[in-house]
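Working through the structure, step by step
One-letter residues, chain by chain:
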Amino acid sequence: MCGIVGYIGKKRAVPILLEGMRKLEYRGYDSAGIAVRGADGNIAVVKACGKLANLEARVEQGAPLEGGCGVGHTRWATHGEPTEANAHPHRSMRGAVTVVHNGILENYREMREELRAKGYTFLSDTDTEVAADFLEDLLLQGLSPLRAISRFMHTARGSYALAILFEGHGTIFLARKDSPLVVGKGEGEMFIASDVPAFLSRTKEFYCMGNMQMAEVSAEGAAFYDAEGVPASCERILETGDGAAAEKEGFEHFMIKEIGEEPRAVENTLHAYLKDGKPDFSEIGLTGEFLRADEVVAVACGSAYHAAVVFQYVAEKLARVPVRTELASEFRYRDPILKKNTLVVAVSQSGETADTLAALREAKARGAKTVAVVNVRGSSAAREADFPLYTCAGPEIAVATTKAYGAQLAAGYLLALGMAHAWGRLSDSELSRYTEELLALPAKMESVLSRAEEVRTFAKAHASVRDVFMIGRGIDYAVCLEGALKLKEVAYVHTEAYAAGELKHGAISLIENGVLVVGVLTQSGVAAKTRSNLEETKARGGKAVTVSFAEEGEEGGFLLPPVEELFAASLSVLPLQLFAYYVGVERGLDTDKPRNLAKSVTVE
Ligand code: F6R
């Protein structure tokens, strides 16, 4: 969702804040703002609607903002339209408190009414302004900043990452509940961010604030507290990346750069958990005892859910154990039935998705053991799950996921093989054949990507398409779900993924001249059937195109190199990701920051 940054040190804060915000702009981009404390202690606020460039222009035109302490925010609107008044930072009525916020305060209306009764008036429609006034009211009652924040944490419901400047205090205060916040340590300077990439080029040492923690950050360091104000410890991580992943490095968009990084993401993920030719999760404590679960439930949202669907097909086939995939947003509220020995697998790139985290907590509360297949180290899902199984995709910046999805597929294959091995369902030779196939995947993915031009040409010719269907069966259907989401997200094309056999049960009525029907045909047992379904759409005016191995291909379709069918999703998704990207580019869209979306959905 929104991006938060902060800086305190001897340097001028403004360029550092803007640099961090540029790196985090993928988190939200409908408005932006900064607040800087000057040498005289006064706090100046500058805001602008739209992308960060508008704020940068405004900062440049205005009076120079000196001062080595400030906070910044890129917004993804939750409460109130993306206007300047609603942009962060928000100040309290008397100016004693300045706040940037990520999350949603669910009871802000009640809080606002109580403040109104005390004479407070409001300039914005946001929940955040209420937080600023609430804190100011407590300061006026004589509470210290920490005690005021503590009271806030016991009053506010919902989620928040808050960075707060108090008038008369030279430090930055933080509070966190269900929304990520990290503190980076430099030499005589400290950095604050909702996500590590913001300041990876400036420091490698980060403290990941725990849930219901507060902090006070000065140029020399940070002191962490629990919600009662008792000093607390905070997990420290040393990042190894150099921040290059957060740079475009000459590519036009992060999305195409990250699609190109997908083979590497898969390779790194495979190598992290393959030891002596066998999946081995002992490093994270996930031993045979847990892999021999009677049932597995995978919970996730969006693309991560689609990766989980592939996992379901592969794991059931290999391990012969029932696997259920559930949308995290549904799972959390439907009183799910879990067996005694159910393993719950939460899949999430960010590890901060509100619904996935809630599903993970629900599973834990019901006594299930939990695995988090997660990309961001130190994220909430990674810390809260019993077994954090990291995907090694590196930072993903484009809002639409590509390489992290690819890495999630790889993690799913490993987990499926691990389960099959633990149950004794595979002979040693079968296991080594599968692992060899896995290790060959990155090179095959490279060979698919080397033909991106074919997809670009096709995308150019079909850039004005209005309706697309993507059809397949089994794993192919799971890939269609992802391909369709990509095309919707980054090219704004109405696309439906359909299990090929379902088309006739209603949606075929939508097929007419001009509808593009993409058939994914990699599963030999069902490809001929999907082929027939494609013919049915052609007979009704649809234009059919295929992604397949040589024998099933439509003329002009995209041919994949041979691969073990169970792992075909890793190849077949690539032309679909490329297609979405190139159609988006042809339509002149910013594929990295699609409208209305945000990376890391930390609200329900
Ligand atoms: C689609 C996309 C989203 C995410 C979803 C879950 O391109 O990126 O659908 O997959 O919001 O996010 P994570 O994986 O961070 O839990």
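Relevant structure appears above.
Please read these numbers as outputs of a predicted model, since none were measured by experiment.

This paragraph deals with the packing of aromatic side chains. In the structure shown here, the tally under the stated rule is 13 aromatic pairs. With a centroid separation of 6.0 Å and 70 degrees between ring planes, the pair formed by F134 and F152 is classed as edge-to-face. Pair noted here: F134 is in helix α4 (residues 127-140) and F152 is in helix α5 (residues 145-155), with a separation of 18 residues, a long-range link. Using a relative accessible area of 0% as the deciding quantity, one classes F152 as buried. These aromatic residues form a ring-pair network of at least three members: Y7, F191 and F199.

A separate point is the site of the ligand. Inspection of the region around the ligand gives 15 residues, with S348, Q349, S350, T353 and E489 positioned closest. A distance of 2.7 Å separates an oxygen atom of the ligand from a polar side-chain atom of S350. More than half of the atoms belonging to the ligand lie within 2 Å of the grid points that define the second largest pocket. Looking at the shell around the ligand, the elements with two or more residues in it are α9 (302-319) and α16 (475-491). Considering only residue class, the shell around the ligand consists of six nonpolar, seven polar and two charged. Looking at which domains feed residues into the shell around the ligand, each of domain 2 (248-449) and domain 3 (451-594) supplies at least three.

Below, the discussion takes up the layout of surface pockets. Approximately 510 Å³ is the volume found for the second largest pocket. Taken together, 29 residues form the lining of the second largest pocket, with C301, G302, S303, A598 and V601 sitting closest to its centre. Counting residues per element, the ones that place at least two in the lining of the second largest pocket are α9, β19 (342-348), α11 (354-365), α13 (403-422) and α16. Of the residues contributing to the lining of the second largest pocket, the split by class is 14 nonpolar, 11 polar and four charged.

This part is about the nonpolar core. Nonpolar side chains tend toward joint burial in soluble globular proteins. Core analysis: the biggest nonpolar cluster contains 150 residues, and I34, L55, L286 and L389 have the highest contact counts within it. Tallying contributions element by element places α13 first for this core, with 12 residues. Excluding anything up to four places from it in sequence, L286 contacts F281, L291, V371, F387, L389 and L415. Counting residues in hydrophobic clusters, the runner-up holds 31 residues, among them Y120, V130, A131 and M214.

What counts, and where the lines are drawn
Residues numbered from 1 in each chain as written. Predicted model: local features only at pLDDT ≥ 70, side-chain atom pairs only at ≥ 80, totals over all residues. Heavy atoms only, no water. Phe/Tyr/Trp six-rings, centres within 6.5 Å; stacked < 30°, edge-to-face > 60°. Helix = DSSP H or I, 4+ residues; strand = E, 2+ residues; numbered from the N terminus. Buried < 20%, exposed > 50% of the residue type's maximum accessible area, 1.4 Å probe, protein only. Near = heavy atom within 4 Å. Polar contact = N/O pair within 3.5 Å; in protein donor to acceptor, adjacent residues only side chain to side chain. 1 Å grid on protein atoms, 1.4 Å probe; cavity = no way out; pocket = protein on both sides within 12 Å on 5 of 7 lines; lining within 4 Å. Sits in = over half its atoms within 2 Å of the grid points. Nonpolar A, V, L, I, M, F, W, Y, C, P; charged D, E, K, R; others polar. Domains from an automatic or database assignment. Points joined across faces, edges and corners; volume = space filled by probe spheres on them. Core = buried A, V, L, I, M, F, W, Y, C linked by side-chain atoms within 4.5 Å. Contact = heavy atoms within 4.5 Å.

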